[in-house]
Amino acid sequence: MSTVPRFWRHIPQRYNLVGTHCENCDEYYFPPRTICPNCRRDAKMKEYKFAGSGRVVTYTTIYNATDDFKRQTPYNLAIIELDEGPRLTGQVICSPGEIEIGMRVKPVFRILGKEGERGIIYYGTKFVPAEGPV
Amino acid sequence: MAAGIVSYGVYLPRYRIRAEEIARVWGEKEDMAKNLNVFEKSVPDFDEDAVTIAVEAARNAIKRGSIDPARLGAIYAGSESHPYAVKPTGTIVGEAIGVDHELTAADFEFACKAGTAAVQACLGLVSANLIDLGLAIGTDTSQGAPGDALEYTAAAGGAAYIIGRENLAAEIEGFYSFTTDTPDFWRREGMPYPEHGGRFTGEPGYFKHVASATRGLLKKMRTIPEDYDYAVFHQPNGKFPVRVARMLGFSMDQIEPGLVVPWIGNTYSGSSLIGLAATLDVARPGERIFLASFGSGAGSDAFSIRVCDGIEDIRDRAPRVRDYIKDAVYLDYAVYAKHKGKLRL
Amino acid sequence: MRFMRSVSIIGAGCTRFGERWDDSLRDLVVETGIRAIEDANVSGEEIDGLYVGNMSGGRFVEQEHIGALISDCAGLSRLHVPSTRVEAACASGGLALRQAVLAVASGYSDVVIAAGVEKMTDVTGGVAADALAAAADREWECFFGATFPALYAMIARLHMHRFGTTREELAAVAVKNHHHGCMNPISQYRTEITVDKVLKSPLVADPLRVLDCSPITDGAAAVVLAPTDLARKFSDSPVRILAAAQASDTLALHDRRDMTTLDASVYAARKAFDQAGLEPKDIDLAEVHDAFTIGEIVAIEDLGFVEKGEGGRATQEGLTAIGGKIPVNTSGGLKACGHPVGATGIKQAYELVLQLRGEAGERQVEGAEIGLTHNVGGCGGTALVHIMSR
């Protein structure tokens with residue numbers, strides 16, 4: 001899957017959805033971009049922590065996965081539009097029948113994967129339907 | 001000076017399995033649910049473990065109390081199912097809640113009372129003015145070997161307590177711990193499931209230690225059971241806490257709000273702390289709570305807690321224990337076994 | 001941008017596509033190289049350069065430095081022919097073609113070979129899937145659990161939601177391409193399938209099923225290019241390249257402007273039509289990138305053959321079958337002919353060469369004069385469009 005430094009470098013993104021915001025054109029980016037595609041060198045990029053709530057723009061349920069994710073199938077994957085604007089790809093934890101375009105979601109902290117029995121555990125953000133008792 | 005609970009948070013996974021379903025699979029003729037007074041227990045999702053549960057509980061505590069994570073000076077996470085034998089749960093929790101780096105952390109283990117021991121450690125640092133706020137966590141995704149009695153009760157859940165000196169939701173008036181070297185229940189390094197001494201875990205284990213700590217604290221505080229509005233005891237099943245309460249002079253009314261084990265099972269390091277949270281969810285300012293945890297190996301930490309005005313402001317700002325109990329999805333044994341990784345893949 | 005001088009294809013060759021257990025990557029390269037060079041009637045000494053598209057020799061056969069490898073296999077190392085491997089995931093072949101075209105068009109080289117090869121079956125399915133996932137955004141799509149089919153599945157889901165495209169319309173793409181594949185001797189699959197069979201095949205990533213997805217394939221293809229002025233020296237029926245265009249877009253699907261459109265395809269097509277001085281209606285047949293059935297539906301919209309949203313309906317109505325207004329994927333496409341990743345872009349050119357020469361046998365498009373190839377990398381990060389004529 002990943003390697004230790006590659007995972008560690010993005011812990012703020014994986015755990016806490018830390019992205020960037022260009023104060024010049026007011027566009028938000030997740031994952032963080034160093035270069036604003038609108039402003040390029042005129043950009044004023046600052047770090048920005050996303051709240052994580054958003055809505056499902058499109059989704060699929062994966063029945064056939066790569067070796068890393070094999071034991072977890074079926075699972076839902078969606079493109080989620082965060083309230084601030086940027087879109088990201090993430091898993092949505094609910095039954096395949098429950099997920100739909102336009103559904104509001106909120107972030108949860110889960111295991112994303114493991115490097116086998118002996119390697120490190122990758123933690124990060126997945127999503128659940130925003131509605132519910134909790 | 002006064003110190004105590006500034007905020008608290010819990011987390012329970014959504015999945016449940018009923019005791020009768022486990023009994024069905026193992027051909028158990030007895031009514032296990034009735035015997036243990038545990039009807040169903042929580043089951044973690046594939047992608048949950050003691051760390052993810054700790055993070056959710058800690059995030060709830062931060063949210064409930066509107067705490068600035070930079071104020072945390074210590075994180076102590078207690079569990080008997082830390083996913084790493086070497087690499088602390090506490091640092092992952094810290095990163096996930098946004099602490100700054102001026103911080104001490106370490107993981108605790110003392111069977112089911114690792115969480116209350118973490119509370120005591122935070123109390124020490126806070127009371128000595130060495131830190132501003134401390135975070136104490138009890139979290140577990142405990143395992144019961146298939147077919148073993150523990151399978152009916154071993155569950156998953158966690159609670160997080162933020163300990164400080166000001167804006168208290170509940171003051172910890174005092175504590176008393178009773179600790180001996182008693183091998184009633186253990187798990188060797190590298191082994192997946194624990195071993196236990198059967199009935200030996202009762203009298204010489206649970207009852208002796210909880211009773212000794214309770215009596216010790218009542219004497220120290222010069223209080224009697226009737227002085228408390230609520231009592232929370234460690235809940236390995238639904239019978240022990242009821243029996244020990246009666247033994248020590250506490251009533252069913254006192255223990256009822258905190259008795260969650262019949263619906264969620266034994267959340268090990270989370271158990272008494274989740275029971276305490278369920279009590280804080282309903283207790284009013286001025287009321288008093290008696291808490292005694294138990295950890296095999298063995299020891300009991302007893303606390304005398306007085307609820308403060310601050311509880312009203314914060315109580316409803318994060319999900320309550322009852323909200324998590326209600327959010328339930330039931331599994332059959334096969335799916336449960338897949339979830340718990342009991343199938344050797 | 002204009003060509004300095006016109007370029008033509010003077011020869012083409014392609015291996016049989018399929019699970020080639022007996023043949024290594026090197027064997028496939030040699031097999032296609034010989035066919036192309038013989039078809040072009042060139043000698044080794046006349047070859048000025050080699051370009052090869054290969055997505056992942058490293059993951060599949062633990063071999064990089066593919067440029068040197070194919071020059072060596074082709075016996076051209078002693079002539080010290082410059083050889084370059086290019087990579088754009090599934091568009092590696094199309095990219096190799098364009099690079100070769102530029103080398104000849106610029107006047108720098110005369111005879112250049114553009115090849116593509118992928119050997120995918122030496123590893124298990126799981127490893128192959130993970131190697132293919134590298135075409136997506138590893139850090140921000142795959143790390144969170146995305147598979148390559150999942151990305152196209154999300155495009156399909158949105159296309160169905162927005163335009164009413166149906167499951168049956170997706171299936172129609174696969175059925176048509178299998179039908180074409182039956183008539184193509186090099187195709188991996190040469191059996192007919194039905195819409196019902198597609199709809200009953202196991203789910204891969206909802207709504208895409210096994211029969212919506214192109215297979216894992218071994219194969220190689222090569223074309224030989226020369227300046228049009230010299231082409232008649234080598235071939236009686238050279239095929240002229242009218243356009244060679246390329247465009248990029250964001251790597252991750254979630255960053256696209258509109259997730260039911262591959263803007264890279266739209267821009268590459270626009271540039272290609274511009275270069276050629278043509279419009280979509282002038283095209284007689286097209287080889288498009290149907291890595292998944294939805295890929296073809298979106299492609300015929302993006303290339304301008306039908307309005308956005310009409311791709312499903314048009315396919316079901318037969319617009320893109322042989323005999324229809326714009327036959328698409330007469331080779332069988334990626335779905336039936338197979339998809340040895342790096343080779344596909346060149347195979348598409350090979351199919352056009354056969355069609356434009358009138359040598360496509362049973363699957364010949366009557367009166368084919370102008371053809372188009374469309375090759376996509378990942379789920380749209382790169383697109384290459386070439387237009388060729390008789």
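Residues numbered from 1 in each chain as written. Chains lettered and ligands numbered in written order. Predicted model: local features only at pLDDT ≥ 70, side-chain atom pairs only at ≥ 80, totals over all residues. Heavy atoms only, no water.

Description of the packing of aromatic side chains
Within a pair of aromatic rings, the relevant descriptors are the distance that separates the centres and the angle that separates the planes. Condition: Aromatic pairs are defined between Phe, Tyr and Trp rings, using the six-membered ring for Trp, whenever the two ring centres lie within 6.5 Å; interplanar angles under 30 degrees are classed as stacked, those over 60 as edge-to-face, and all others as tilted. Accessible area is worked out with a 1.4 Å probe on protein chains only. A residue is then buried under 20% of its type maximum, exposed over 50%, and partly exposed in between. Here, a charge over a ring means that NZ of Lys or CZ of Arg falls within 6 Å of the ring centre while also lying within 35 degrees of the ring normal.
Scanning all chains against the criterion turns up 31 aromatic pairs over all chains. Here Trp140 of chain C and Phe144 of chain C contribute two aromatic rings whose centre-to-centre distance is 6.2 Å and whose plane-to-plane angle is 35°, an arrangement assigned as tilted. Assessed through its relative accessible area of 10%, Trp140 of chain C is described here as buried. Residue classification places Phe144 of chain C among the buried residues on the basis of a relative accessible area of 5%. Of the aromatic side chains, those joined through ring pairs into one cluster are Phe7, Tyr28, Phe30, Tyr48, Phe50 and Tyr122 of chain A together with Trp140, Phe143 and Phe144 of chain C. In this arrangement the basic side chain of Arg14 of chain A is found over the ring face of Trp140 of chain C, its NZ or CZ atom lying 4.7 Å from the centre. If you follow Arg18 of chain B out to its NZ or CZ, it ends over the ring of Tyr330 of chain B, 3.7 Å from the centre.

Notes on the packing of helix α6 (residues 202–221) of chain B against helix α7 (residues 240–248) of chain B
Residues and elements named next belong to chain B. Rules: Fitted lines through C-alpha atoms serve as axes, helices being fitted only where they are in contact, and the angles separating the N-to-C directions of these axes extend from 0 to 180 degrees. Strands are runs of DSSP state E lasting at least two residues, helices are runs of H or I lasting at least four, and both sets are numbered from the N terminus onward. By definition in this entry, angles of less than 35 degrees are roughly parallel, angles greater than 145 are roughly antiparallel, angles of 65 to 115 are roughly perpendicular, and the rest are oblique. Crossing handedness: left-handed means the near helix sits turned counterclockwise from the far one by under a right angle, and right-handed means the same turn made clockwise. Only heavy atoms matter for contacts: two residues are in contact if any of them lie within 4.5 Å across the pair. Side-chain classes are defined by residue name, with Ala, Val, Leu, Ile, Met, Phe, Trp, Tyr, Cys and Pro counting as nonpolar, Asp, Glu, Lys and Arg as charged, and the others, Gly among them, as polar.
Packing of α6 against α7 brings their axes to within 11 Å, and their N-to-C directions diverge by 45°. Considering their axes alone, α6 and α7 lie oblique with respect to each other. Our pair here, α6 against α7, has a crossing hand that is right-handed. Contact with α6, carried on its side by Gly202, Glu203, Tyr206, Phe207, Val210, Ala211, Thr214 and Arg215, involves Phe240, Pro241, Arg243, Val244, Met247 and Leu248 of α7 and no other residues of that element. Across the contact of α6 with α7, the residue classes break down as 9 nonpolar, 2 polar and 3 charged.

Concerning unusual backbone geometry
A cis amide bond links Phe30 of chain A with the next residue in sequence, Pro31 of chain A, at an omega value of 0°. Here Pro31 of chain A shows up in the loop between β2 (27–29) and β3 (45–49). Following Asp206 of chain C, the chain continues into Pro207 of chain C via a peptide bond in cis, with omega recorded as 5°. Here Pro207 of chain C shows up in the loop between β5 (203–205) and β6 (208–209). One non-glycine residue with positive phi stands out, namely Leu17 of chain A, at about 50°. You can call Leu17 of chain A buried: its relative accessible area is 5%. Within the chain, His80 of chain C stands out as a residue other than glycine whose phi angle is a positive 55°. Note that His80 of chain C resides in the loop between α3 (66–73) and β3 (83–86). According to the relative accessible area criterion, His80 of chain C is exposed, its value standing at 68%.

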